[in-house]
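# Observations on the three-dimensional arrangement
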Amino acid sequence: MKNLAGTWYNELGSRVELVIKPDGHIEGHYYTAVGGSSGEFHLSGQADVHSRHNSRSFGFVVAWTNSMVNEHSVTVWSGLYHHVGEEEVLSTTWLLTRETATAEQWTSTMIGTNTFRRTPPEQWTPLQTWKSEPMPSPVG
Ligand code: BTN
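This section reports on the structure supplied with the text. (Residues numbered from 1 in each chain as written. Predicted model: local features only at pLDDT ≥ 70, side-chain atom pairs only at ≥ 80, totals over all residues. Heavy atoms only, no water.)

### What to know about the environment of Gln105
- By the secondary structure assignment, Gln105 is in the loop between β7 (87-98) and β8 (109-117).
- By relative accessible area, Gln105 is classed as partly exposed at 46%. (Helix = DSSP H or I, 4+ residues; strand = E, 2+ residues; numbered from the N terminus. Buried < 20%, exposed > 50% of the residue type's maximum accessible area, 1.4 Å probe, protein only.)

Below, the structure written as structure tokens:
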């Protein structure tokens, strides 16, 4: 089974720590580098129990409230654990909903993507999304 567990960082500098139970249940903590909130926020989610095509689908949710703050907002991430070249990557799409006044509700939900890797973004090199092929030998 592909291993989602452990610490990951996204391109914004946010950190996520995931614990994966044998039944695929996810528990962990999120530390966002942007937005209204700082500090540790609980997360929970679910991963597929068996991986397929060398990948594993999962989702998790953070309500942006802890003992210090309540941002009155929730983010859900849906994504895939997979490899790009040799590297483990989480490719995710998120929806962030903030509670707004009725007249502003049309602004309440944002969508975006986050890519998570095992190292902080300061250490990132471009993902190797293609494989170089040897030059074909000349014929004739
Ligand atoms: C808020 O500002 O309402 C709470 C913090 C939201 C942080 C968002 S969630 C999606 C994106 N990915 C991150 O790592 N942080 C931002």
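On we go from here.
### Here's the deal with the sheet that holds strand β4 (residues 41-47)
- Taken together, the eight strands give a closed barrel; going around it, the order is β1-β2-β3-β4-β5-β6-β7-β8, and neighbouring strands pair in antiparallel fashion. Pairwise comparison of adjacent strand axes, ignoring direction, gives a mean angle of 30 degrees for this sheet.
- In this structure, β7 lies alongside β8, joined through eight bridges in antiparallel fashion. Bridged to Leu90 within β8 is Phe116. (Pairing = 2+ DSSP bridges. Axes fitted to C-alpha atoms, helices over the stretch in contact; angles between N-to-C directions.)

### Regarding the site of the ligand
- Near the ligand lie 16 residues; those nearest to it are Ser14, Tyr30, Ser73, Arg98 and Asn114.
- Here an oxygen atom of the ligand and a side-chain polar atom of Ser14 are 2.7 Å apart.
- One nitrogen or oxygen atom from the side chain of Asn114 is found 2.9 Å from a nitrogen atom belonging to the ligand.
- Look at the ligand: alone it shows 410 Å² of surface, and the protein chains cover 97% of it.
- Going through the elements one at a time, β6 (70-84) and β7 are the ones with two or more residues in the shell around the ligand.
- Residue contributions to the shell around the ligand peak at three residues, all from β6. (Near = heavy atom within 4 Å. Polar contact = N/O pair within 3.5 Å; in protein donor to acceptor, adjacent residues only side chain to side chain. Areas by Shrake-Rupley, 256 points an atom, 1.4 Å probe, with all protein chains shown as cover.)

### Looking at a nonpolar patch on the surface
- A cluster of nonpolar residues, Val61, Val74, Val76, Leu95 and Ile111, forms a patch on the protein surface that exposes about 380 Å² of accessible area.
- Tracing the sequence through the fold places Val74 in strand β6.
- Under the relative-accessibility criterion, Val74 is labelled partly exposed at 35%. (Patch = residues over 30% accessible without salt bridge, like charges linked within 9 Å, V, L, I, M, F, W, Y side chains within 5 Å. Salt bridge = Lys/Arg side-chain N within 4 Å of Asp/Glu carboxyl O.)

### Thoughts on the pattern of salt bridges
- Applying the stated criterion to the full structure yields three salt bridges.
- Between Glu17 and Arg15 there is a salt bridge, with its nearest N and O atoms 3.2 Å apart.
- Overall, the relative accessible area of 25% leaves Glu17 in the partly exposed class.
- Residue Arg15 is classed as partly exposed on the basis of its relative accessible area, which comes to 27%.
- When the shortest N-O distance is used, the salt bridge between Arg118 and Glu88 registers 2.9 Å. Pair noted here: Arg118 is in the segment after β8 and Glu88 is in strand β7, with a separation of 30 residues, a long-range link.
- On the basis of relative accessibility, which here comes to 27%, the residue Arg118 falls in the partly exposed class.

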